[in-house]
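Notes for the structure review
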Amino acid sequence: NAGVTQTPKFRILKIGQSMTLQCAQDMNHNYMYWYRQDPGMGLKLIYYSVGAGITDKGEVPNGYNVSRSTTEDFPLRLELAAPSQTSVYFCASSSQGRSNQPQHFGDGTRLSIL
Amino acid sequence: DQQVKQNSPSLSVQEGRISILNCDYTNSMFDYFLWYKKYPAEGPTFLISISSIKDKNEDGRFTVFLNKSAKHLSLHIVPSQPGDSAVYFCAATSSFSGGSNYKLTFGKGTLLTVNP
């Protein structure tokens, strides 16, 4: 059972380049999330989705875009990469958005902007 | 401003002894508190949670205690094993703008090292 799969695992971008971080889950979860984790910090929510076609901003959405065309996939788009976006990105999913539902995380994408 | 604080960046204990990881919070509207465990190059994995209306929850070697008046929770691991060595994140849930969907607020994490 794959759970939450993120690709790529590592990527180096130049300033101003764009890229899409891929996230797929095979648990038929409605809720999906994107987080970033900066060194020595906790995870911060970028965007979330409560189902196909529905997305909303989290705490730190600037510089990112998302889409949710299917239940399984939740890609994160960086349009104009900036050094401040160097971070580890985690995608997560949960069956419901209730407070006691733990989220299942992928293994992350480590992104460096140079 | 940090709403969930883990003030100890690291903790080192001997195998077989108790590990106590602490977490403080400021938002009295938090609904549930969760602990996640993270190994290097992997994503966080859910460990144990506690409702804001409870004061203790136990699952095998792991027990979480909640002191609402002090806005403090702790994770106890007894006995500690070398495989427990990981970063432990404290997290709390609250609703988005009072709605029915909930978000997680994470602390910075505590690196636990269990020495054989």
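This text follows the structure it describes.
Source: prediction; values computed, not measured. (Residues numbered from 1 in each chain as written. Chains lettered and ligands numbered in written order. Predicted model: local features only at pLDDT ≥ 70, side-chain atom pairs only at ≥ 80, totals over all residues. Heavy atoms only, no water.)

**So, the overall build of chain A**
Let me state the cut-off plainly: The secondary structure listing takes helices from DSSP runs of H or I that are at least 4 residues long and strands from runs of E that are at least 2 residues long, numbered from the N terminus. When we talk radius of gyration, it's over C-alpha atoms, and the globule rule is simply 2.2 Å times the number of residues to the 0.38. Think of it in three bands: with a 1.4 Å probe and only protein chains considered, a residue is buried below 20% of the maximum accessible area for its type, exposed above 50%, and partly exposed in between. Every residue pair with non-hydrogen atoms within 4.5 Å of one another is taken to be in contact. Per-residue accessibility takes into account occlusion by the displayed protein chains alone, with areas from the Shrake-Rupley method and a 1.4 Å probe. Note that His is not counted, nor are the chain ends; the positive residues are Lys and Arg, and the negative ones are Asp and Glu. All charge positions are set by atom: Lys at NZ, Arg at CZ, Asp at CG, Glu at CD.
Across its full length, chain A carries zero helices and 11 strands. Relative to its length of 114 residues, chain A is compact, with a C-alpha radius of gyration of 13 Å against a globular reference of 13 Å. Across its three principal axes, chain A shows a C-alpha extent of roughly 35 × 30 × 25 Å. For chain A, buried positions account for 45% of its 114 residues. A fraction of 55% describes how many contacts in chain A between residues 6 or more apart in sequence connect residues 24 or more apart. Carbon together with sulfur atoms contributes 49% to the accessible area of chain A, which is approximately 5400 Å² in total. Charge-centre separation for chain A: the mean point of 10 positive side chains lies 6 Å from the mean point of 8 negative side chains.

**Points about the environment of A:Leu111**
Residue and element names in this part refer to chain A. Along the chain, Leu111 falls in strand 11 (residues 109–113). For Leu111, a relative accessible area of 1% puts it in the buried group. Along the backbone, Leu111 and Phe10 are 101 residues apart, and their C-alpha atoms lie at a distance of 5.9 Å.

**A few points about the sheet that holds strand 6 (residues 56–59) of chain B**
All names here are of chain B. The cut-off we apply is this: A strand pair is defined by DSSP finding two or more bridges across the two strands.
The five strands lie next to each other as 1-3-8-7-6, forming an open sheet whose pairing is antiparallel. Looking at strand neighbours, the two that pair on one side only are strand 1 (4–5) and strand 6, the edges of this open sheet. With six bridges connecting them, strand 3 (residues 19–25) and strand 8 (residues 72–77) associate as antiparallel partners. Bridge assignment links Asn22 to a residue of strand 8, and that residue is Ser74.

**Side note on the side chain of A:Ser93**
Residue and element names in this part refer to chain A. The condition is simple: Residues adjacent in sequence count toward polar contacts only when both atoms are side-chain atoms; beyond that, a polar contact is any pair of N or O atoms within 3.5 Å, and within protein one must be able to donate a hydrogen and the other to accept it.
Within the element layout of this structure, Ser93 appears in strand 9 (residues 87–94). We classify Ser93 as buried; its relative accessible area is 0%. Separated by 2.8 Å, the side chains of Ser93 and His29 make a polar contact. Aside from chain neighbours lying at most four places away, what touches Ser93 is Val4, Gln25, Met27, His29, Tyr31, Met32, Tyr33, Pro102, Gln103 and His104.

**Thoughts on the pattern of salt bridges**
To keep it simple, the criterion reads: What counts as a salt bridge is simple: a side-chain nitrogen of Lys or Arg found within 4 Å of a carboxyl oxygen of Asp or Glu.
One pass over the structure, following the stated rule, counts four salt bridges over all chains. For A:Glu79, the salt bridge goes to A:Arg77, with nearest N and O atoms at 3.3 Å. Residue A:Arg77 is classed as partly exposed on the basis of its relative accessible area, which comes to 30%. In this structure, B:Glu58 engages B:Lys56 in a salt bridge whose closest nitrogen and oxygen atoms are separated by 3.9 Å. Residue B:Lys56 is classed as partly exposed on the basis of its relative accessible area, which comes to 45%.

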